[in-house]
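Observations on the model geometry
These are the residues of each chain, in order.
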Amino acid sequence: MKITHIIVSLENHGAQNFLLNLICADKENEHNVICLSEKLDLINKYKCKNIKINIINLNSFILFVPNIIKLITVLNKSKNNIIQSWLYHSDF
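What comes next concerns the included structure. Computed from a predicted model, the values in this text were never measured in an experiment.

Examining the overall build of the chain
Counting its regular elements, the chain contains three helices and four strands. Along the chain, helices (α) and strands (β) appear in the sequence β-α-β-α-β-α-β when read from the amino end. For 92 residues, the compact-globule formula gives about 12 Å, and the C-alpha radius of gyration of the chain, at 13 Å, lands near that figure. Expressed along its principal axes, the backbone C-alpha trace of the chain runs to roughly 40 × 30 × 25 Å. Taking all 92 residues of the chain together, the buried fraction comes to 39%. Partitioning the contacts of the chain with sequence separation of at least 6, the portion at a separation of at least 24 is 64%. Total accessible area on the chain stands at roughly 5900 Å², and carbon and sulfur atoms take up 57% of it. Each charge class in the chain was averaged separately, 10 positive and 7 negative side chains, and the resulting centres sit 7 Å apart.

Below, the structure is given as structure tokens:
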């Protein structure tokens, strides 16, 4: 199965660390991460686990609409079985 996780940031906090541990423990599925900001404290830990990360910054008011289109495009191209969001900001 192909699972894409949408998360607000990759800062060094509980949900972000839990997501990393969850992905590392699951050897049966392919995991991708979409980060909705440029807060990327943990990006090196994700990259060294060969987890594909897409950064789509929705914090910029000027680029909000183009980045929403980019988010939809990334989701459509990835052919996911499951899309799972983390934290209530990414649930929209």
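Let's pick the thread back up.
Describing the pairing of strand β1 (residues 2-7)
Of all the six residues making up β1, five are buried; the element is thus mostly covered by neighbouring parts of the structure. Where β1 meets strand β2 (residues 30-35), six bridges bridge the pair, whose relative direction is parallel. Across the sheet, residue His 5 finds its bridge partner in β2, namely Val 33. This β-α-β element, β1 to helix α1 (residues 14-25) to β2, shows right-handed connectivity. Sheet topology note: the β1/strand β4 (residues 82-86) ladder contains five bridges and is parallel. Looking across to β4, one finds that Thr 4 is bridged to Ile 83.

Rules used throughout
Numbers given to residues run from 1 along each chain, matching the order in which its sequence is written. Totals for whole chains, interfaces and linings use every residue, but because this is a predicted model, local features are given only for residues with pLDDT of at least 70 and side-chain atom pairs only at 80 or more, for both listing and counting. Side-chain measures were taken over the full set of non-hydrogen atoms in the model, leaving aside hydrogen atoms and water. Working definition: helices are DSSP H or I runs of at least four residues, strands are E runs of at least two. Numbering for both runs from the N terminus. In this description the radius of gyration comes from C-alpha coordinates, and the expected globular size is given by 2.2 Å times residues to the power 0.38. The cut-offs for exposure are 20% and 50% of the maximum accessible area for each residue type, with area from a 1.4 Å probe on protein chains only; residues under the lower value are buried, those over the upper are exposed, and the others partly exposed. Here, two residues are considered to be in contact whenever any of their heavy atoms come within 4.5 Å of each other. Each accessible area is a Shrake-Rupley result for a 1.4 Å probe, and residues are judged covered by the shown protein chains and nothing else. As used throughout, the charge tally considers Lys and Arg to be positive and Asp and Glu to be negative, leaving His and the chain termini uncounted. We put the charge of a Lys on NZ, of an Arg on CZ, of an Asp on CG and of a Glu on CD. Strand pairing is assigned whenever DSSP identifies at least 2 bridges connecting the two strands. Handedness of a crossover is defined as follows: orient the strands so they point away from the viewer, and if the path from the first strand over the helix to the second runs clockwise, the crossover is right-handed.

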